[in-house]
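One-letter residues, chain by chain:
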Amino acid sequence: MSKIKKIGVFTSGGDSPGMNACIRAVVRTAIFEGLEVVGIRQGYQGMLDRNFWDMTARDVGNIIHLGGTILKTARCLEFKTPEGMSRAYENLKSHGIDALVAIGGDGTATGANLLSKKFGMPVMCIPGTIDNDLYGSDFTLGFDTATNTVIEAIDKIRDTAASHNRLFFIEVMGRDSGCIALRAGIAGGAEAVLLPERDTAIMELIEKLSDQANNKKTSIIVIVAEGDKNGGAYHVAERVKEKFDFYDSKVTILGHLQRGGSPSSFDRVLASRLGFAAVKGLLKGKDRQMVGLRGNVIVLTPLEEALNHPYFKLEEDLLEMINVLSI
Ligand code: ATP
């Protein structure tokens, strides 16, 4: 029999589509298992402010399709201090919370890991970030939706690019990860992709685009991941455009629209599986684990390993393919 009677669930760091579906899964699985559930608003800040919400199954009705997070999210510097973390723990205990499910990125998981190590409160972490930059899960929550949003934008830009013979540089999110850029590049039929994980010399890009221009392409779309070392889409465009008189060059920074929107079916199912597995894991006595999906199987990875292992998720075949399919 598990000693856990009441769990807390929170979202923290950047929001990502699918967080609501995940909150719903955690709340309903916990209630189904006879537990009480407390939503903690605004992540670690909410622990310090005692911003607690005793939730029922009905409180998570009609949210599966919503982007963002009904529990709000925040970045909280005070929680990083020993005093802040102690106060957060005292507040959780005084509200009767025995265990936590944290939904967020690596910072969120780092905080949860430390809290559990220091005070012995069991935690399970769910990788919620559009960047897909965590070890322990092939896909993080929100990555698929964000990539679909980017593809939708590329499709629209392609219409105008082809009509005007334009060379477009589209900057996409992902911080140090090129996962969104690579997948969106393949699915959006981009002519080139610049990624943080691979150095691309500007001369190399110019040669490639020249070949494509010589092959009579009427438009060219270059996806630039925000973490690419050439310094972003504007910089790349400045250095490339004078070589291509034939094309009218344009830059589009997609920005925060990539963070919002209704989660894809993939993210809704992933969110549900991860939330369900997190609660089941706690009830089985698991602690300090990252709940992830690997090869379509839900797996738990110790947080210590997940946080210290370098992630590399760029599929080699996609990297090779993009050069072939863009001739
Ligand atoms: P994203 O990937 O979307 O940025 P994240 O979870 O990595 O999400 P962060 O801002 O890095 O976002 O972390 C969220 C919160 O986690 C921080 O505001 C802080 O409260 C807590 N946190 C981060 N790092 C630590 C740490 N080393 N010790 C304690 N708490 C931390």
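Only a predicted model underlies this, so the values are computations on that prediction, with no experimental measurement involved.

**So, the environment of Asp138**
Then, number 1: Secondary-structure assignment places Asp138 in the loop between strand 5 (123-127) and helix 5 (143-164).
Then, number 2: A relative accessible area of 33% places Asp138 in the partly exposed class.
Then, number 3: Between the C-alpha atom of Asp138 and that of Leu293, which follows or precedes it by 155 residues, the distance is 5.8 Å.
Then, number 4: Those residues within four positions of Asp138 in sequence are excluded, and the remaining contacts are Asn132, Leu293, Arg294, Gly295 and Lys313.
Then, number 5: Reaching out from Asp138, the side chain makes a polar contact with the backbone nitrogen of Gly295 at a distance of 2.7 Å.

**Things to note about the domain arrangement of the chain**
Then, number 1: By domain assignment, the chain separates into domain 1 (6-142 + 263-308) and domain 2 (145-259).
Then, number 2: A separation of 35 Å is found between the C-alpha centroids of domain 1 and domain 2.
Then, number 3: Between domain 1 and domain 2, the residue contacts involve 15 residues of the former and 12 residues of the latter.
Then, number 4: Carbon and sulfur atoms make up 46% of the area that domain 1 and domain 2 hide from each other, which totals about 1,000 Å².
Then, number 5: At the junction of domain 1 and domain 2, the tally comes to three salt bridges.
Then, number 6: Arg175 is the salt-bridge partner of Asp131, the closest N and O atoms lying 3.2 Å from each other.
Then, number 7: Counting across the interface, domain 1 meets domain 2 through seven residue pairs in polar contact (both at pLDDT 80 or more).

**Some remarks on the packing of aromatic side chains**
Then, number 1: Inspection of the entire model under this criterion finds six aromatic pairs.
Then, number 2: Taken together, the aromatic side chains of Phe10, Tyr44 and Phe79 make up a single cluster linked through ring pairs.
Then, number 3: A cation sits over an aromatic face here: Arg294 above Tyr135, 5.1 Å from the ring centre.

**Some remarks on the sheet that holds strand 9 (residues 248-253)**
Then, number 1: Strand order in the open sheet formed by four strands is 7-8-6-9, with parallel pairing between adjacent strands. In this open sheet, the two edge strands, each paired with only one partner strand, are strand 7 (192-194) and strand 9. Across the sheet, the axes of successive neighbouring strands diverge by a mean angle of 15 degrees, strand direction being ignored.

**A word on the pairing of strand 5**
Then, number 1: The element strand 5 is largely enclosed, with a buried count of five among its five residues.
Then, number 2: Chirality of the crossover, the property in question, places the unit of strand 4 (residues 99-104), helix 4 (residues 106-119) and strand 5 among those that are right-handed.
Then, number 3: Taken together, the two bridges between strand 5 and strand 10 (residues 289-294) define a ladder with parallel strand orientation. The residue of strand 10 that forms the bridge with Cys125 is Met290.

Thresholds, definitions, all that
Residues numbered from 1 in each chain as written. Predicted model: local features only at pLDDT ≥ 70, side-chain atom pairs only at ≥ 80, totals over all residues. Heavy atoms only, no water. Helix = DSSP H or I, 4+ residues; strand = E, 2+ residues; numbered from the N terminus. Buried < 20%, exposed > 50% of the residue type's maximum accessible area, 1.4 Å probe, protein only. Contact = heavy atoms within 4.5 Å. Polar contact = N/O pair within 3.5 Å; in protein donor to acceptor, adjacent residues only side chain to side chain. Domains from an automatic or database assignment. Buried area = accessible area lost by both parts, 1.4 Å probe. Salt bridge = Lys/Arg side-chain N within 4 Å of Asp/Glu carboxyl O. Phe/Tyr/Trp six-rings, centres within 6.5 Å; stacked < 30°, edge-to-face > 60°. Lys NZ or Arg CZ within 6 Å of the ring centre and 35° of its normal. Pairing = 2+ DSSP bridges. Axes fitted to C-alpha atoms, helices over the stretch in contact; angles between N-to-C directions. Right-handed = clockwise from strand over helix to strand, strands pointing away.

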